[in-house]
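An overview of the molecular structure
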Amino acid sequence: MGASKPVEPVVRALKLLEALNRKSASSLGDLRAATGLPKPTLIRLLDTLIAAGYGARISSEAGYRITEHVLALSVGLRFIDRIVDAAVPAMRQFTRQHNWPIGLAKVRGAVVVLLHSTAPQSPLSFERAGYNRTYPLIPSALGQAYLAFCPAEERRRLIRELLPEAGLGVLGMRDARALEAHLAVVRRRGYAVTLSPRPYKVLGLAVPVRQGRQVIACLVMRFPRSVMTHEQAADRYLGPLNTTARTIVAALAAQDSAS
């Protein structure tokens, strides 16, 4: 029996979902250019994605975006993600030695997604593990760590496409150039910390997991602001966090050589 033909409306919907995932917001013109679909078809598919919870209409000017509901489509991948497999032993070792929970995250589109956490093993845990929890690129420590240490061309593209200058004013930054200057400071000191116009009760101290020039993930240690400052956290835990990151990269290399 021959293979059945693909269901075209499903193929079109998936193509549209992929296009929406590439940008923080897309107009109908953007989506027509990306998918090649006519406007009436796009509108029907967008209405369907919105009704199912996978999309949202921002405004007539800004267009459409995906919602966090799309992350449910990738839940099963967490159990076979090779980075998670490589990271779990080193992350557990960190928590055994230092008690604090740490998380591993990757950038997906316009957000940073938590892949694994040692919160269940930590005696100091104050948050749920929150697998597939998402954080913004800015002001999260994870997002800043990724932006600061990823290749320059990728950083410029992400800032241009995902971080409109209007949103930077809330954080006291005039424009993308001010953000670049801030990220240069992050690179010099070797870590990122939660950035916010108002004081958070919880801070994150994040470092990149780098394989060559590529940032393949980021590690974060979250802790109550009332316990220590980010400077104190860096003095005590930056070295062990970086050691954990290097151990993860070594474990990935071992996986590759064994395959």
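Residue positions are given per chain, counting from 1 as you read along its sequence in written order. Per-residue local features of the predicted model are confined to residues with pLDDT of at least 70, and side-chain atom pairs are confined, for both listing and counting, to 80 or more; whole-chain, interface and lining totals are unaffected and use all residues. Side-chain descriptors were evaluated using all non-hydrogen atoms of the structure, hydrogens and water having been removed beforehand.

An unreviewed UniProt entry lists the protein under the name Transcriptional regulator, IclR family, with Bradyrhizobium lablabi as the source organism.

Now for the overall build of the protein. The number of helices and strands found in the protein is nine helices and eight strands. With 259 residues in all, the protein has 46% of them scored as buried. For the protein, the share of sequence-separated contacts (at least 6 apart) that also reach a separation of at least 24 residues comes to 55%. When the accessible area of the protein is evaluated, it comes to approximately 13600 Å², of which 54% is carbon and sulfur surface. Numbered from the N terminus, helices here are DSSP runs of H or I no shorter than four residues, and strands are runs of E no shorter than two. Each residue's exposure class comes from its accessible area (1.4 Å probe, protein chains only) as a fraction of the maximum for that residue type: buried when under 20%, exposed when over 50%, partly exposed otherwise. Note on definitions: a residue-residue contact is assigned when non-hydrogen atoms from the two residues lie within 4.5 Å. In short, Shrake-Rupley with a 1.4 Å probe defines the accessible areas, and a residue's cover is counted only from the protein chains shown.

Another aspect to go through is a nonpolar patch on the surface. A residue counts toward a patch only above 30% relative accessible area and without a salt bridge, and it is joined to like-charged neighbours within 9 Å or, for Val, Leu, Ile, Met, Phe, Trp and Tyr, to nonpolar neighbours within 5 Å. Here, a salt bridge means any Lys or Arg side-chain nitrogen found within 4 Å of an Asp or Glu carboxyl oxygen. A surface patch of nonpolar side chains, amounting to about 270 Å² of accessible area, comprises V7, V10 and L14. Tracing the chain through its elements places L14 in helix α1 (residues 8–21).

This part covers the sheet that holds strand β3 (residues 102–108). Here six strands make up an open sheet; going across it, the order is β5-β4-β3-β8-β7-β6 and the pairing antiparallel. Bordering the open sheet on either side are β5 (134–136) and β6 (192–193), each of which pairs with just one other strand. At least two bridges found by DSSP between two strands is the condition for calling them paired. As paired elements, strand β7 (residues 202–211) and strand β8 (residues 214–224) share ten bridges and run antiparallel to each other. The residue of β8 that forms the bridge with V209 is A217. Sitting on the sheet, helix α4 (residues 82–98) is in contact with β3, β4 (111–117) and β8, with an inclination near 150 degrees to β3. Lines fitted to C-alpha atoms define the axes, with helix axes restricted to the stretch in contact, and inter-axis angles between N-to-C directions lie between 0 and 180 degrees.

Our next topic: the packing of α1 against helix α2 (residues 28–35). It is at 10 Å that the axes of α1 and α2 come closest, and there the two elements cross at 120 degrees. The angle between the axes of α1 and α2 places the two elements in the oblique class. In the crossing of α1 with α2, the sense of the turn from one axis to the other is right-handed. Contacts between α1 and α2 pair K15, L16, A19 and L20 from the former with L31, A34 and T35 from the latter. Classes in brief: Ala, Val, Leu, Ile, Met, Phe, Trp, Tyr, Cys and Pro nonpolar; Asp, Glu, Lys and Arg charged; the others, Gly included, polar. Class assignment of the residues belonging to the contact of α1 with α2 gives a composition of five nonpolar, one polar and one charged. In what follows, roughly perpendicular refers to angles from 65 to 115 degrees, roughly parallel to angles under 35, roughly antiparallel to angles over 145, and oblique to any angle outside these ranges. Each helix crossing is assigned a hand: it is left-handed if the near helix lies turned anticlockwise from the far helix by less than a right angle, otherwise right-handed if that turn is clockwise.

Here the focus is the side chain of S140. Tracing the backbone shows S140 in the loop between β5 and α5 (141–149). Reaching out from S140, the side chain makes a polar contact with the backbone oxygen of P136 at a distance of 2.4 Å. Sequence-distant contacts of S140, defined by excluding residues within four places in its chain, comprise V112 and Y135. Pairs of N or O atoms within 3.5 Å make up the polar contacts considered here, provided that, within protein, one atom can donate a hydrogen while the other can accept it, and that residues adjacent in sequence are counted only when both atoms are side-chain atoms.

Here we take up the pattern of salt bridges. Scanning the entire structure with this criterion turns up two salt bridges. A salt bridge links R155 to E180; its shortest N-O distance comes to 3.1 Å. Highlighted residues: R155 in helix α6 (residues 152–162) and E180 in helix α8 (residues 176–189), separated in sequence by 25 residues. Judged by relative accessible area, R155 falls into the buried class, the value being 8%.

A few words on the packing of aromatic side chains. What describes a pair of aromatic rings is the distance from one ring centre to the other and the angle between the planes of the rings. Centre distance within 6.5 Å is the pairing criterion for rings of Phe, Tyr and Trp, where only the six-membered ring of Trp is used; planes under 30 degrees apart are then read as stacked, over 60 as edge-to-face, and the remainder as tilted. Enumeration according to the criterion identifies zero aromatic pairs in this entry. Put simply, a charge is over a ring when the Lys NZ or the Arg CZ is close to the ring centre, within 6 Å, and near the line of the ring normal, within 35 degrees. Taking the ring centre of Y191 as reference, the NZ or CZ of R189 above it sits at 4.7 Å.

Okay, the nonpolar core next. Here, nonpolar core means buried Ala, Val, Leu, Ile, Met, Phe, Trp, Tyr and Cys residues that are tied together by side-chain atoms lying within 4.5 Å of each other. Counting residues in each nonpolar core, the largest one holds 32 residues, and the members touching the most others are L104, V209, L219, M221, F223, L241 and I248. Those elements that provide at least two residues to this core are α4, β3, β7, β8 and α9 (230–258). One finds I138, L142, L158 and V220 within the second-largest nonpolar core, a separate group that totals 28 residues.

Given a helix with a known number of residues, its expected span is that number minus one, times 1.5 Å. For α9, with 29 residues, the first-to-last C-alpha span of 39 Å sits near the 42 Å given by 1.5 Å per residue. Bend is the name given here to the angle between axes fitted to two runs of seven residues, the run ending at a residue and the run starting at it. In α9, a bend of some 55 degrees at Y237 exceeds every other bend along the element, and P240, a proline, comes one to four places later. Buried within α9 we find H230, A233, A234, Y237, L238, L241, T244, A245, I248, V249 and L252.

Among the structural elements, A184 can be located in helix α8. As a C-alpha pair, A184 and A148 span 36 residues in sequence and 6.7 Å in three-dimensional space.

Successive side chains on a regular strand alternate, one facing one side of the sheet and the next facing the other. Across the seven residues of β4, six count as buried, placing the element largely inside the fold. Looking at chain direction, β3 and β4 are connected through six bridges and run antiparallel. The residue of β4 that forms the bridge with L104 is H116. Two successive antiparallel strands, β3 and β4, enclose a turn made up of two residues, where G109 displays a positive phi of approximately 65 degrees. The pairing of β4 with β5 spans three bridges and is antiparallel. In the strand pairing of β5, V112 is matched with Y135.

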